[in-house]
Amino acid sequence: MRKYLIAAAIVMLFITGCAQKGEPAPASPEPAQDQAARTSRAEVKDRDFVYRLVSESERYGQGEKPKIYAELEYVGEQDEITIGHAASPFYFPMKELTRNYNIDYMMNEPYITTTLKKGEPLRKEYTGSGGYSENDTKDYQNFIRSLKDGFPEGRYVVYGSADFVIHPAEGEASEEPEKYKIQAEIEFEVSP
C-alpha cells in the first residue's frame, strides 16, 4: 500500500510541476489566491528595502499595452548600498485569469551590480513578456503572440518580485550574501 501512495505522490508532483510552465493550466475553479481583492498598486517593506509594484491604471482598453513599473528603494542607515542581481532585480510574471493562462517572464541572468542611494528608488518599466513552445495549444500560442500588439480582453494578475543579494563591500569577505526576494501582486483589467 505504501508503494502505491509514494507512486501517487510522485505522479502528482510531476503533474503539478508541468502545470507551472507557460502552458494553460487545466480548466478548474480559480485558486483562492486568485480570488483575493487586489489593487493596481502594492508596496512591501522588507528590512532595509521598500518594493513597489504599480499599474498606472486599473483598466486598459483592448489592444492597449499596460503601463506597469516596479521600484526598489533603500531605506536603511547607510548613504548607499550595492546589490547584485540578474539583468534586472525586477520580475513581472503574470496570469490571465479569464483564460487561466500563465505569462512567463524571462530574463538574462548575468551577475550585475547596482548601487542604490538612500531614498532614491530604482525604477523599471514593464516592457513585455511571454513565450511558448510548439507543444502548447494553438490558442495559447495565438494569445502570447497577441501580447506584443497590446493585451486582449481579460483580467490580469502581475506576480511581481525584486530578487537580489547584498553585494559585499570592496575588501569585505562574505561567505553567504544576504538574499532578498520581495514579492507583491497587483491586478488590472482589459476591456473593449
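As the structure is a computational prediction, the values presented were derived from the model and not from experiment.

Novice: What am I meant to see in the packing of aromatic side chains here?
Specialist: Each aromatic ring pair is specified by the distance between its two centres and by the angle formed by the two planes. Under the definition given, this model contains 15 aromatic pairs. With centroids separated by 6.4 Å and ring planes inclined at 75°, the aromatic side chains of Tyr 126 and Phe 151 adopt a geometry described as edge-to-face. Taken together, the residues span a long stretch of sequence, with Tyr 126 in the loop between β10 (122-125) and α2 (138-146) and Phe 151 in the loop between α2 and β11 (154-166) at a distance of 25 residues. What links up through ring pairs into an aromatic cluster is the set Tyr 60, Tyr 91, Phe 92, Tyr 105, Tyr 126, Phe 151, Tyr 156 and Phe 188. A cation over an aromatic ring shows up here: Arg 47 above the ring of Tyr 180, its NZ or CZ 3.9 Å from the ring centre. Between the NZ or CZ atom of Arg 123 and the centre of the ring of Tyr 69, over which it lies, the distance is 3.4 Å.

Novice: Even after reading the chapter, I still don't get unusual backbone geometry, so can you show me in this structure?
Specialist: Note on backbone geometry: most residues besides glycine have negative phi, and most peptide bonds are trans. Phi angles above zero are rare outside glycine, and Arg 47 is one such case at about 50°. Tracing the backbone shows Arg 47 in the loop between β1 (41-46) and β2 (49-55). A positive phi is found at Asn 100, a non-glycine position, where the angle reads about 65°. Positionally, Asn 100 belongs in the loop between β7 (94-96) and β8 (101-103). Owing to a relative accessible area of 12%, Asn 100 belongs among the buried residues under this scheme.

Novice: Is there a simple way to think about the pattern of salt bridges in this case?
Specialist: Pairing between side chains of opposite charge can happen when the charged atoms of each approach one another. Under the defined criterion, the tally for this structure stands at 16 salt bridges. In this structure, Glu 56 engages Arg 123 in a salt bridge whose closest nitrogen and oxygen atoms are separated by 3.7 Å. Placement of Glu 56 in the loop between β2 and β3 (59-61) and of Arg 123 in strand β10 is noted, with a sequence separation of 67 residues between them. Note on Arg 123: relative accessible area 41%, which makes it partly exposed. The closest approach of N and O atoms between Arg 123 and Glu 125, which form a salt bridge, is 3.2 Å. Bridged by salt links that share partners, the residues Glu 43, Arg 52, Glu 56, Glu 71, Glu 73, Arg 123 and Glu 125 form one connected network.

Calculation notes
Residues numbered from 1 in each chain as written. Predicted model: local features only at pLDDT ≥ 70, side-chain atom pairs only at ≥ 80, totals over all residues. Heavy atoms only, no water. Phe/Tyr/Trp six-rings, centres within 6.5 Å; stacked < 30°, edge-to-face > 60°. Helix = DSSP H or I, 4+ residues; strand = E, 2+ residues; numbered from the N terminus. Lys NZ or Arg CZ within 6 Å of the ring centre and 35° of its normal. Buried < 20%, exposed > 50% of the residue type's maximum accessible area, 1.4 Å probe, protein only. Salt bridge = Lys/Arg side-chain N within 4 Å of Asp/Glu carboxyl O.

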